[in-house]
Amino acid sequence: MRTLEEIVAIINVDPIKFYKTREWRDKREEIMARDHGECQRCAGRWKSEFPIKNTRLSKAKYVHHIQPLIETPYLCLENDNLVSLCFSCHETVERRGFSKEKKIPLTIERW
């Protein structure tokens, strides 16, 4: 079992390697069990800055770091900093696929 300092050193060198450690895999399993494998945002048990549109309970696929891993590596295994989320909610809170610019259609109508 690595110390927290050793884990933080791994994160500082290569954050992707952290997600392959035994410590993360065990913690992820623990958090999924704590949250009963349900997305906590869909269930209304965790509020983020983004309003939720989906009222259907979804199965969790990810364990999300509330305070970003890179910014707060010492919180990487803290239960209070981890929450189970479904794919859609995780993409939303990570701001993936969102842009303030208007999207251009794939094909432009010319009439």
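Residues numbered from 1 in each chain as written. Predicted model: local features only at pLDDT ≥ 70, side-chain atom pairs only at ≥ 80, totals over all residues. Heavy atoms only, no water.

Here the focus is the overall build of the chain. Per the secondary structure count, the chain includes 4 helices and 2 strands. Traced from its N-terminal end to its C-terminal end, the chain shows the element sequence α-α-α-β-β-α. The burial tally for the chain puts 32% of its 111 residues in the buried class. Here the analysis covers contacts within the chain between residues at least 6 apart in sequence; of these, 56% occur between residues at least 24 apart. (Helix = DSSP H or I, 4+ residues; strand = E, 2+ residues; numbered from the N terminus. Buried < 20%, exposed > 50% of the residue type's maximum accessible area, 1.4 Å probe, protein only. Contact = heavy atoms within 4.5 Å.)

Overall, the predicted model of the chain reaches an average pLDDT of 85, with 80% of residues at or above 70. Mean pLDDT per element in the chain: helix α4 (residues 87–93) is the minimum at 89, and helix α3 (residues 22–34) is the maximum at 97. Note on residues 99–108: pLDDT is under 50 here. Beyond four places in sequence and across chains, it has 1 contact. (pLDDT = per-residue confidence, 0-100.)

Before going further, it helps to examine the packing of aromatic side chains. The full count for this structure, using the stated rule, is 4 aromatic pairs. Between F18 and W24 the ring centres are 5.3 Å apart and the planes differ by 45°, which places this aromatic pair in the tilted class. The exposure classification of F18 matches that of W24, with both residues buried. Relative to F87, the ring of Y62 has its centre 6.3 Å away and its plane inclined at 40°; by these criteria the two rings are tilted. Here the residue Y62 occupies a position in strand β1 (residues 62–65), and F87 occupies one in helix α4, the gap between them amounting to 25 residues. Connected via pairs of aromatic rings, a cluster forms that spans F18, Y19 and W24. (Phe/Tyr/Trp six-rings, centres within 6.5 Å; stacked < 30°, edge-to-face > 60°.)

To continue, consider α3. Taking 1.5 Å of rise per residue, the 13 residues of α3 would be expected to cover 18 Å, and the 18 Å separating its terminal C-alpha atoms lies within 8% of that figure. For α3, every residue scored as buried is listed here: E23, W24, K27, I31 and M32. Viewed along the axis of α3, the buried residues span an arc of 160°, placing them on a single side of the element. Facing away from the buried surface of α3 by more than 90 degrees, the exposed residues are E29 and A33. (Expected span 1.5 Å × (residues − 1). Arc of directions from axis to C-beta.)

Taken as a whole and assessed by the stated rule, the structure comprises 4 salt bridges. Linking R2 and E23 is a salt bridge whose minimum nitrogen-to-oxygen distance equals 2.8 Å. Placement of the pair is R2 in the segment before α1 (4–13) and E23 in helix α3, with a sequence separation of 21 residues. According to the relative accessible area criterion, E23 is buried, its value standing at 8%. Between R22 and D26 there is a salt bridge; the shortest N-O distance is 3.3 Å. On the criterion of helical spacing, the pair formed by R22 and D26 is a turn pair, its members being 4 residues apart in helix α3. Using a relative accessible area of 36% as the deciding quantity, one classes D26 as partly exposed. (Salt bridge = Lys/Arg side-chain N within 4 Å of Asp/Glu carboxyl O.)

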